[in-house]
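# A closer look at the structure
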Amino acid sequence: MYASREDIGYDFGDNSKVGSKPIKPNPNIDGGWAWMIVFSSFLVHILIMGSQMALGVLNMEWLEEFNQSRGLTAWVSSLSMGITLIVGPFIGLFISMCGCRLTAIIGGILNALGWILSAYASSVHYLFLTFGVTAGIGSGMVYLPAVVMVGQYFQKRRALAQGLSTTGTGFGAFLMTALLKYLCAEFGWRNAMFIQGAISLNLCVCGALMRPLSPKDLSEKSVVRSNSEDNQAKALSHSTETIKSNGVLGEEPEKKEEAANEGVLESAQHTEIGGSSGSGRSMYGLRLLKTVSQLTLTVRKGFALWYSSYFGAASLFTNRVFVAFIIWALFAYSSFVIPFIHLPEIVKQYNLSRQDNVFPLTSIIAIVHIFGKVILGIISDLPCISTWNVFLMANFTLVTCILTLPLIQTYVGLAVVCALIGFSSGYFSLMPVVTEDLVGTKHLANAYGIIICANGISALFGPPFAGWIYDITQKYDFSFYIAGLLYMVGIIFLLIQPCIQKKQPRQKSTEEAQV
C-alpha cells in the first residue's frame, strides 16, 4: 500500500521520535460509532446507487409517456449517474468548508427535491434539469461524504468497512427495482417518483449520523498507521516527498492562519465584553459580527485547502502515482458498465433468451459483485497482504473477462465469465483505501472526488461510445475489445509509475554519495 511521510506522521531517519509516548486511540476508530458510519454509508449506497441502477424501470415509462427516441431518453439516466460522480471535485470544496455532515444533509434535500420535481415533468428535456442535474448533484453531495467518513473512522479494517458499506449498491439494485416496479404498477410513474422523493429524505438522516472526528483523533489515527505501515511507506513515498519539498503539505501556513484567526476572534470577543454595558442592539450586532467572522474564516480555510489541492503548489497532481490512478479511472468504470448495458442484446443475438430469462446474466454480476466487495475487503485487511496487489489482481481478472466475453457463445460459459466480472469488480470497495494510502486522510475528500469524477466521465461516455461502435460494425465484439484495450492501458500506467517511484530515491542516494 502507498503511504507518505506526511500521511503517517513518521520520520524514517529517527526512530526515537516515535513511540516515546503511548497514544490512547479513540475508541470510535475501528469500533463504536464507526460501525454506525458504515451503516449510514450502506443506506446511502442503497438509496443513491441502488436507485440509479434501477432506473431502467422508469426509462420504459418515460419512453411510453414522451414518445422520444431511446437515445435521447437514455440520457436522463446517464446524466444522473454521470453528474453524481463528475461533481466530486466540487463537492470536495463543500466538505472542506462545511464538513461531511452538513454537505450530506443538504445533498439529501436536493436529491429529494429532484425526484419530486421530476414527478411533474412535461418533457424529457424537463427531466434533464430536474432529475439529471438536480437529483444528480444532490446524490453526489451525499455519496462522497459517505465514502470519506468511512475512511476517517477506520484504520485496521478500512477495506472491510468500505466493502460492507458499498454492498448497499447491490442490495439497492434489487430492492429499488422491485419497489419502483410496484409503485409504477400501483400508482403510476409520476406518483412513484414523488414517493421515491419522500423516501430519499432519509438521506438527511444518514448525513446526521456522520459525526465528525476531532482533528486530534485524526492525527492520532495517522500516528497509529505509521507504526503498522512504515516498511511499506518507505518504498513509495517519493511522490509525496516531492510535494512537501514544495511546501505542499506543511503545517506551518495552517498554524499561522489559525493563530491569526484566534486573534481576530479574541478581538471581537474583547469588543463584545467592553460594550456589555451598552444597548442590547449593539450586543446583538457584535454577536452577529463574531458569527460572520467565524463563518468567513471557515470558508476561507476550506477554500484554501481545496484550491491548494487542485491548483496550488500543494496540487495533488504533483503525485505521479495519483495521476496514473486518475488515468486508470478514466477507462475502468465503463468496462464494468458496458456489460450491464449490452449483455441483453448479446444474449438475444446468440439465441440464449430462454436461459437468460430464468437467471439473467446481469443478475449474476450483481449478486457476485456483493460477495466480491466483502471478500476482497477481508483479504486486503490481512497483515501479510498488500491492498495494492489485491487491487491490481482484481483489475487484471476483470480486463481478461472483458476481452474474452465476446468469444463465448454458450450460456454456461457466459455465466462463468459474468460471475468473474462481478467478483473482480468488487475492487471498487478498495478504491477509497488505495486513494487514502496515496494522499492521506486529510486530502481524501478532494482526491477521491477527482477519482469518482474520472469514473463519472467514463460512465457518461462509455456506453454511448460502445453503441456507436455497434452502429458502425453491427457487432458488439469490437465494443468489448476497445473497452478492454483502453482498460489495459490504464492498468499499465498503474504498473509503470510505482517502478519509477522506487528507482528515484536510489538515484538520489547515489548522487549524495558521490558528493
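By convention here, each chain's residues receive numbers from 1 onward along its written sequence. Thresholds applied to this predicted model are a pLDDT of at least 70 for local features of residues and 80 or more for the giving and counting of side-chain atom pairs; totals over whole chains, interfaces and linings are not thresholded and use all residues. Heavy atoms throughout the structure, all of them, feed into the side-chain values; hydrogens and water do not.

Attention now goes to helix α9 (residues 189-200). For α9, spanning 12 residues, the distance from its first C-alpha to its last is 16 Å, which sits close to the expected 16 Å at 1.5 Å a residue. When accessible area is computed with a 1.4 Å probe and restricted to protein chains, residues below 20% of their type maximum are described as buried, those above 50% as exposed, and intermediate ones as partly exposed. Strands are runs of DSSP state E lasting at least 2 residues, helices are runs of H or I lasting at least 4, and numbering of each runs from the N terminus. Here α9 has its buried residues at Trp189, Ala192, Met193, Gln196, Gly197 and Ser200. Viewed end-on, α9 has its buried residues packed into an arc of 140°, placing them on one side of the element. Buried positions along α9 lie against α2 (34-53), α3 (55-66), α5 (88-118), α6 (124-153), α8 (168-187) and α10 (202-208). One fewer than the residue count of a helix, multiplied by 1.5 Å, yields its expected span. When we speak of the arc, we mean the arc of directions from the helix axis to the C-beta atoms. The criterion used for residue contact is that any of the two residues' heavy atoms lie within 4.5 Å.

What follows concerns the environment of Val347. Tracing the chain through its elements places Val347 in helix α15 (residues 320-349). Sequence separation of Val347 and Thr410 is 63 residues, and the distance between their C-alpha atoms is 9.3 Å. Residues in contact with Val347, not counting those within four places in the same chain, are Leu352, Ser353, Asp356 and Leu361.

Position of Gly138 relative to the elements: it lies in helix α6. Taking C-alpha positions, Gly138 is 4.3 Å from Asn111, a pair spaced 27 residues apart along the chain. Look past the residues within four positions of Gly138 in its chain and what remains in contact with it is Gly107, Leu110 and Asn111.

The next point concerns a nonpolar patch on the surface. Residues form patches when they are more than 30% accessible in relative terms and have no salt bridge. Like charges link within 9 Å. Nonpolar side chains (Val, Leu, Ile, Met, Phe, Trp, Tyr) link within 5 Å. Note on areas: these come from Shrake-Rupley sampling with a 1.4 Å probe, and a residue is covered only by the protein chains present in the view. Every case where a carboxyl oxygen of Asp or Glu lies within 4 Å of a side-chain nitrogen of Lys or Arg is listed as a salt bridge. Together, Phe174, Val358, Phe359, Ile367, Phe371, Ile375, Ile379, Leu382 and Phe423 line one region of the surface with nonpolar side chains, adding up to about 780 Å² of accessible area. At four residues, helix α17 (residues 361-380) tops the list of elements feeding residues into the nonpolar patch. Along the chain, Ile379 falls in helix α17. For Ile379, a relative accessible area of 31% puts it in the partly exposed group.

Turning our attention to the packing of α2 against α6. Each pair of packed helices can be summarised by the angle the axes make with each other and by the distance between the axes. Put simply, α2 and α6 touch, their axes get as near as 9 Å, and they point 150° apart. If you check the angle between α2 and α6, you find them roughly antiparallel. When you trace α2 past α6, the crossing you get is left-handed. Across the interface between the two elements, Ala34, Ile37, Ser41, Val44, His45, Ile48, Met49 and Gln52 of α2 pack against Ser139, Val142, Tyr143, Ala146, Val147, Met149, Val150 and Tyr153 of α6. What counts as an axis is a line fitted to C-alpha atoms, over the stretch in contact for a helix, and the angles between N-to-C directions run from 0 to 180 degrees. Between 65 and 115 degrees an angle is taken as roughly perpendicular, under 35 as roughly parallel, over 145 as roughly antiparallel, and anywhere else as oblique. In this scheme, a crossing is called left-handed if the near helix is turned counterclockwise away from the far one by less than a right angle; it is called right-handed if the turn is clockwise.

Shape is all these values report; function is a separate question.
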